[in-house]
Amino acid sequence: MRIAVLNKDRCQPRRCSHECEKYCPRVRTGDETIIFGEDGKPIISEEMCVGCGICINKCPFDAIMIIGLPEELDKPIHRYGTNGFALYGLPSVETGRVTGILGPNGIGKSTCVQILSGNMIPNFGGEEGSWDEVLEYYSGTSMYEYFSKVAAGTIKVSQKPQYVDMIPKAFKGKTRELLENTDESGRLDDLVNKLGLSNIMDRNIGDLSGGELQRVAIAACAAKDADFYFFDEISPYLDIYQRIKVSQLIQEISQDKAVLVVEHDLAILDMLSDVVHVAYGMPSGYGVITHPKGVRIAINQYLKGYLPEENVRVRPDSINFEVHPPRAEKEVGTLVEYEGFSKNYDKFSLKAAEGSLRNGEVLGVVGPNGIGKSTFVKVLAGEEEPDEKEMDFDISISYKPQYVVVDHNLPVKYFLRGISSKVDTSYYEAEIAKPLQLERLYDRSLADLSGGELQRVAIAACLTRDADMYILDEPSAHLDVEQRSQATKTIKRFAENNKKTAMVVDHDIYMIDMLSERLIVFEGEPAVYGEAHSPTGMQKGMNKFLSNLDITFRRDEDTSRPRVNKKDSHLDRLQKSKGEYYYY
Ligand code: ADP
Ligand code: ADP
Ligand code: SF4
């Protein structure tokens, strides 16, 4: 079975010469495989199309997808009209459990939520749907009762949006006002306490950091009195400790409510969910939501890239983890040796131990929020002076900040070209543009990009600049698992091939694990004092970092991926007694 999907935003029939129609071999032999609709855009007949793919290549705006679907797929649950995105399957939500979705962006998660919340009646690929049809389709299944309530209009939904950076645009006022407006459950005080929000209640929403906004958004979603809660990504801008706190909170909510979560930090998805649906397909083309799977199995299958029950390969290769710490010593030169320094602000002080940074290595930087990581980086970059004396070296640094803000409206390619002409080389295309999936973004305006798209452009922009050292603050934010894996490879290869030093601040343990050769660990008390240790090997670094968090990880037998141990479980206690928090 084959579907044709037209991206109506990309399609610009006034700016092309209708190449799709002109070159379609079926049209040339006289049939009407492609005709033009009232809006001037092509309508592709899926019955007549032979799938040659010529129109895909000829369209100057990359607006057409012709997709061969896996055979097993029946009719879609919903289709956004002729040549629109098609969704197959829905996640099953159930009171008393956290249902996770694991899959790429653009695969139909929001569409699922629109349906589950009753905002949209699924049309099963036809013209218009009805709840009667939905109930008939789901009769005899676990979702029948749920949809009966949706159809009767008695399901109330609370949603946390994916991009919390947008909240200040939609709400002007203080944190307290926002949260008190949403408090239908009377749980607000408890939520404020658990999420550590008490000292920002009287601050303006517009002045909050990303991590604070994320926690406010989670509190607002949880404070509503709903039957069904949907959290679209909880981890961006939160440190591990906060991620775990939020996970525990969501589990509490799920005791007597239905909860659906989309999360790309796999260590968190793993500990948070009771079941996981894998979502696969072709982003913006079609999405398939599998039946629910056991959490461990779902994540393992996804990492391996193959879903046996569905007989579908979602990726050509598997994503792997190192069971042993990588060998730290390599024959490489030193970029810089820095002395220990301190930096005191009004209410915060940072003390950094001396260290040396090597050419060609990637250093992971780990520690809680507010512990001085950005301050440390600014001192190295020469943006801030240490208390003692200036740093006596001069290295240029290319920096990707944690919060990517767009201040102009340029097309992506134009923007990158403005940084360096190497954007037009084949090396750039192979090493940066392809793995970061930039090609489809090149013509788009920076201002129109979603969070994940902007993140990929920001990573590329950072690596495009000429510098001695590259520092990326939370590159994982808003990237899905595929994109994280690709971004990891891109950064690593970039550092190795160009003999540059890269420092990556991130809270996604999987990403830190895959990226780093050495770690710089921060400890202390957030917003009061921080201590930056010298760069150290992965084993020592992870042990120090995780012992501060009081968390141990075991290895999955099948994929060797790290999994959080239940606190005080046998393994947790055993590993702690041996001081082996990570490589066990
Ligand atoms: P996700 O939440 O997984 O990122 P969405 O459910 O938002 O995915 O969207 C999946 C696809 O459906 C996107 O490619 C989008 O273009 C398309 N889509 C979403 N909403 C509409 C709509 N109202 N009309 C037409 N297409 C839509
Ligand atoms: P992290 O990057 O680990 O989240 P930061 O280095 O951004 O931590 O901040 C550490 C602490 O220093 C925070 O409490 C922050 O409020 C404070 N701080 C950062 N920059 C300044 C500054 N220019 N003046 C005063 N305090 C600052
Ligand atoms: Fe025509 Fe289908 Fe070939 Fe496109 S893929 S050119 S619509 S036959």
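Preceding block: the structure.
The numbering scheme is per chain: residues are counted from 1 as the chain's sequence reads. Whichever chain is written first is A, and whichever ligand is written first is 1; the rest continue in order. With pLDDT at 70 or above as the cut-off, local features in this predicted model cover only qualifying residues; side-chain atom pairs require 80 or more to be listed or tallied, and sums for whole chains, interfaces and linings still use all residues. Derived side-chain values reflect all non-hydrogen atoms in the structure, with water molecules and hydrogen atoms excluded from consideration.

(A) How the structure looks around the side chain of Q483. Going along the chain from the N terminus, every DSSP run of H or I of four or more residues is numbered as a helix, and every run of E of two or more is numbered as a strand. Considering the arrangement of structural elements, one finds Q483 in helix α18 (residues 481-498). Look at Q483 and you get buried, because its relative accessible area is 9%. Contacts: residue pairs with any heavy atoms within 4.5 Å of one another. Setting aside its immediate chain neighbours within four residues, Q483 contacts N105, Q437, R456 and H478. Only protein chains enter the accessibility calculation, which uses a 1.4 Å probe; a residue is then buried when its area is under 20% of its type maximum, exposed when over 50%, and partly exposed in between.

(B) Structural context of the site of ligand 3. Near ligand 3 you find 13 residues, and of these C24, C49, C52, G53 and C55 are the closest. Class assignment of the residues belonging to the shell around ligand 3 gives a composition of 9 nonpolar, 3 polar and 1 charged. Residue proximity to a molecule or strand is established when one non-hydrogen atom of the residue lies within 4 Å of it. For this classification, Asp, Glu, Lys and Arg are treated as charged, while Ala, Val, Leu, Ile, Met, Phe, Trp, Tyr, Cys and Pro are nonpolar and the rest, including Gly, are polar.

(C) Focus on the layout of surface pockets. Cavities and pockets were defined on a 1 Å grid built over protein atoms only: a cavity is a set of grid points that admits a 1.4 Å probe from which the probe cannot escape, a pocket is an open set flanked by protein on both sides within 12 Å along at least five of seven lines, and lining residues are those with an atom within 4 Å of any such point. Grid points are joined across faces, edges and corners, and a volume is the space filled by probe spheres set on the points. If you add up the space inside the second largest pocket, you get close to 1200 Å³. P368, N369, G370, I371 and P526 are the residues nearest the centre of the second largest pocket, which is lined by 44 residues in total. Every element with two or more residues in the lining of the second largest pocket is listed here: α10 (210-223), α11 (240-253), α14 (373-380), β24 (518-525) and α20 (538-549). Taken together, the residues that form the lining of the second largest pocket break down as 19 nonpolar, 14 polar and 11 charged.

(D) Just the pairing of strand β25 (residues 529-532), in detail. Residue alternation in β25 divides its side chains into a buried set, G530 and A532, and an unburied set, Y529 and E531. When DSSP finds two or more bridges between a pair of strands, those strands are recorded as paired. Relative to β25, strand β18 (residues 349-352) runs parallel, the two being bridged by 4 bridges. Each residue of the ladder has a partner; that of K351, found in β25, is E531. Pairing geometry for β24 and β25, over 4 bridges, is antiparallel. Of the residues in β25, the one forming a bridge with E525 is Y529. The turn linking β24 back onto β25 is made up of 3 residues, and A527 within it adopts a positive phi angle of 70°.

(E) Molecular detail of the nonpolar core. By nonpolar core is meant a set of buried Ala, Val, Leu, Ile, Met, Phe, Trp, Tyr and Cys residues that side-chain atoms within 4.5 Å join together. Grouped together as the largest cluster of nonpolar side chains are 86 residues, with contacts concentrated most on L179, F231, I250, Y286, I509, M542 and F545. By residue number, the principal contributor to this core is α10, which donates 9 residues. Apart from residues lying up to four places away in sequence, F231 is in contact with K160, I218, C221, I250, I253, V259, L260, V261 and V262. Counting 33 residues, the second largest nonpolar core, distinct from the first, contains I459, L463, L472 and L479.

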